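# Topology and contacts: notes
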Amino acid sequence: MIDKDKFDEWYNEIVELADLCDKRYPIKGMNIWKPYGWKIMQNIDAIIRQEMEKTGHKEVYFPLLIPEGFFKKEEEHIRGFSSEVYWVTHAGKNELEEKLLLRPTSETAMYPIFSLWIRSHADLPLKIFQIVNTFRYETKMTKAFIRVREIHFFEAHTCHTDFEDAEKQIKEDLEIAKRFFRKLCLPFIISKRPEWDKFAGAFYSIGLDVLMPSLKALQVGSIHQYKQNFSKPFEIKYEGIDGKHYYCHQTTYGMSERVLGAIVGIHGDEKGIKLPSSIAPIKVVIIPILFKGWEEKIMDECKKVKEEIEKMGLSCHIDDRDKTPGSKFYDWELKGVPLRIEIGPKDIENNVVSIATRDGIKKRIARNELEKIKDELAEYDERLYRKAEEFLRQHIYIMEKLEKKEGIIEVPWCGKEECGLKMEEELDMKSLGTPLPGKECDKNCPICGGKATTWLRLAKIY
Ligand code: ZN
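Residues numbered from 1 in each chain as written. Predicted model: local features only at pLDDT ≥ 70, side-chain atom pairs only at ≥ 80, totals over all residues. Heavy atoms only, no water.

Bound to the zinc ion on the protein side are C414 (SG), C419 (SG), C445 (SG) and C448 (SG), at distances that span 2.2 to 2.4 Å. Here the zinc ion binds 4 donor atoms, and the angle range of 105 to 112° at the metal identifies the geometry as tetrahedral. Each donor residue of the zinc ion lies on one chain, and together they are spaced C-x4-C-x25-C-x2-C. Residue C414 is located in the loop between β21 (408–413) and α12 (417–427), and its partner C448 is located in the loop between β22 (430–435) and β23 (454–459); the two are separated by 34 residues in the primary sequence. Given the relative accessible area of 36%, C448 is considered partly exposed. (Donors = N, O, S within 2.8 Å, 3.2 Å for Na, K, Ca; no water. Tetrahedral: all angles 85-135°; square planar, octahedral: opposite > 155°, others 65-115°. Helix = DSSP H or I, 4+ residues; strand = E, 2+ residues; numbered from the N terminus. Buried < 20%, exposed > 50% of the residue type's maximum accessible area, 1.4 Å probe, protein only.)

So, on to the nonpolar core. With 63 residues, the main nonpolar core has I44, F181, L208, Y253 and V259 as its most contacted residues. At 7 residues, the largest contribution of residues to this core is made by helix α2 (residues 35–54). In this structure, this core is formed jointly by two domains, domain 1 (7–267) and domain 2 (284–379), each of which donates at least three residues. The contact partners of I44, leaving out residues within four places of it in the chain, are F180, L184, V259, L260, I263 and I279. V85, M110, F234 and C248 belong to the second largest nonpolar core, which has 25 residues in total. (Core = buried A, V, L, I, M, F, W, Y, C linked by side-chain atoms within 4.5 Å. Domains from an automatic or database assignment. Contact = heavy atoms within 4.5 Å.)

On to the domain arrangement of the chain. Examined at the domain level, the chain breaks down into domain 1 (7–267), domain 2 (284–379) and domain 3 (396–459). Once you take the C-alpha centre of each, domain 2 and domain 3 turn out to be 51 Å apart.

Further remarks concern the packing of α2 against helix α7 (residues 258–267). Here α2 crosses α7 at 110°, and the two axes come no closer than 10 Å. Between α2 and α7, the interaxial angle falls into the category roughly perpendicular. The way α2 lies across α7 gives a crossing that is right-handed. Where α2 abuts α7, its residues G37, I40, M41 and I44 lie against V259, L260 and I263. Residues that form the contact of α2 with α7 fall into these classes: 6 nonpolar, 1 polar and no charged. (Axes fitted to C-alpha atoms, helices over the stretch in contact; angles between N-to-C directions. Parallel < 35°, antiparallel > 145°, perpendicular 65-115°, else oblique. Left-handed = near helix turned anticlockwise from the far one by under 90°. Nonpolar A, V, L, I, M, F, W, Y, C, P; charged D, E, K, R; others polar.)

Within the element layout of this structure, D381 appears in helix α11 (residues 372–394). Discounting chain neighbours no more than four positions away, the residues touching D381 are C185, P276 and S277.

Before going further, it helps to spend a moment on the pairing of β21. Where a strand is regular, its side chains alternate between the two sheet faces. Most of β21 sits inside the fold, with 6 of its 6 residues counted as buried. Neither face of β21 is exposed, since I408, E410 and P412 on one face and I409, V411 and W413 on the opposite face are all buried. Pairing geometry for strand β20 (residues 396–398) and β21, over 3 bridges, is parallel. In the strand pairing of β21, Y397 is matched with I409. In this sheet, β23 lies alongside β21 in antiparallel orientation, the contact comprising 5 bridges. Paired with W413 across the bridge in β23 is T454. (Pairing = 2+ DSSP bridges.)

Right, let's talk about the packing of aromatic side chains for a bit. One pass over the structure, following the stated rule, counts 24 aromatic pairs. Between the aromatic rings of F163 and F203, the centroid separation amounts to 6.0 Å while the plane-to-plane angle is 80°, which identifies the pairing as edge-to-face. Of the two residues, F163 sits in helix α6 (residues 163–183) while F203 sits in the loop between β9 (189–192) and β10 (204–211), which places them 40 residues apart along the sequence. Taking the relative accessible area as the measure of exposure, F163 reaches 22% and is therefore partly exposed. A residue is classified by how much of its surface remains accessible, and F203, at 31% relative accessible area, is partly exposed. An aromatic cluster is present here, built from F62, F81, Y111, F114, W117, F199, Y226, F230 and F234 joined pairwise through their rings. Against the face of W87 rests K99, its NZ or CZ located 4.3 Å from the ring centre. (Phe/Tyr/Trp six-rings, centres within 6.5 Å; stacked < 30°, edge-to-face > 60°. Lys NZ or Arg CZ within 6 Å of the ring centre and 35° of its normal.)

For the rest of this paragraph, the subject is the packing of helix α1 (residues 7–17) against α7. Any two packed helices are characterised by the angle at which their axes cross and by the distance between the axes. Where α1 meets α7, the axes come as close as 10 Å, and the angle between the chain directions of the two elements is 120°. Considering their axes alone, α1 and α7 lie oblique with respect to each other. Considering only the axes of α1 and α7, their crossing is right-handed. Contacts between α1 and α7 involve F7, W10, Y11, I14 and V15 from the first element and G261, V264 and G265 from the second. Here the contact of α1 with α7 is built from residues that sort into 6 nonpolar, 2 polar and no charged.

Moving on, we get to the sheet that holds strand β4 (residues 65–67). Strand order across the open sheet formed by 3 strands is β4-β6-β5, with antiparallel pairing between neighbours. For this open sheet the edge positions go to β4 and β5 (87–91), each flanked by a neighbour on one side alone. Taking the axes of each pair of neighbouring strands and ignoring which way they run, one obtains an average angle of 45° across the sheet. Taken together, the 4 bridges between β5 and strand β6 (residues 94–102) define a ladder with antiparallel strand orientation. The residue of β6 that forms the bridge with V88 is L100.

Put into structure tokens, the structure is as follows:
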């Protein structure tokens, strides 16, 4: 893992060196996805699409532009987003009759339409999602994948007959998140955000956070219970079995390319990024170790091995560029390819292939046992996860008093907002919220001395 003090500089460089993005586009916070980075993001999206399909969500695509009239229907939501919204005011030289905004998120685009789609209890639950770009005018310093103004955004929206059914959805979302982040080898913590930091318009918000090597927390996902806070202003009603009309209960689940930022940051090292095999565009790279007189034999063998690996369902690439093996190793390590195979004269003579995983395990595998590569990849993923999990665990501090530490701190809390804000101030940190599932506390609040009912998690954040 990258040293804490070097992390931000390392991160800012590695995203370009590993060919993920190009930051030279002349609009701040809007970077260009390069083919390699975009492919990784597409692979991440594919995993979430699978999860959505498995859980009965349908994919939609709503327009990018939202009429001002739609946006203005939910007051708290507007207050939360008004300073970050990009407005479209003109078409050519003509001023538009109604201003349009670029979606910062899609509640206000979707919900007036949900009110047309939903008529009866038979239309519920409604479970949809989309993966689109959203726009927020960030005023803080931008950072590739972590703080951008054009966001690659996943958003799931659901409507339910009642609060309990919406709560069930939130449980399902948490299960989806667990499976999803496990495939990316990313351990995370779940916190119920404090009242003063919940999503604009939500009844409550849940944050999914990872800890970066800089010891700052990064929110990589959020789940919101809206109750009827949006369905009332947007008139999303259904006819119940009893013939009466009721407002729906709603939830959302959101994630973004921050997930990629977390993968880059948490698994990376001095040599470059390390990709979990589930999302690596190239899972196995073959490097021919050419010797005079052996060229043809070695290239033939490389092609045969590639074919066999592809038959196993793994993407494979032969690096036949006119460069030294050493410089090829360097390039692929930088780009985080999980497994490298070297094939030279000795390997052919001994009927083996030499393998090296991106985290430094080297082995020889018998030529007729290439299937073992699958196990090697699974073990590599497991090591990535374990290492990240250990790092996270080592940096969660459970304390009775306020004491400055780096990482994630859990302090007994009476539940009062003023005490929470005072803790933020004294620690110079932000509240992540209270642990989920809930955790009992029999200590006293270090600010007011009153009985603590729960724990407040705090950390420096991105
Ligand atoms: Zn207190």
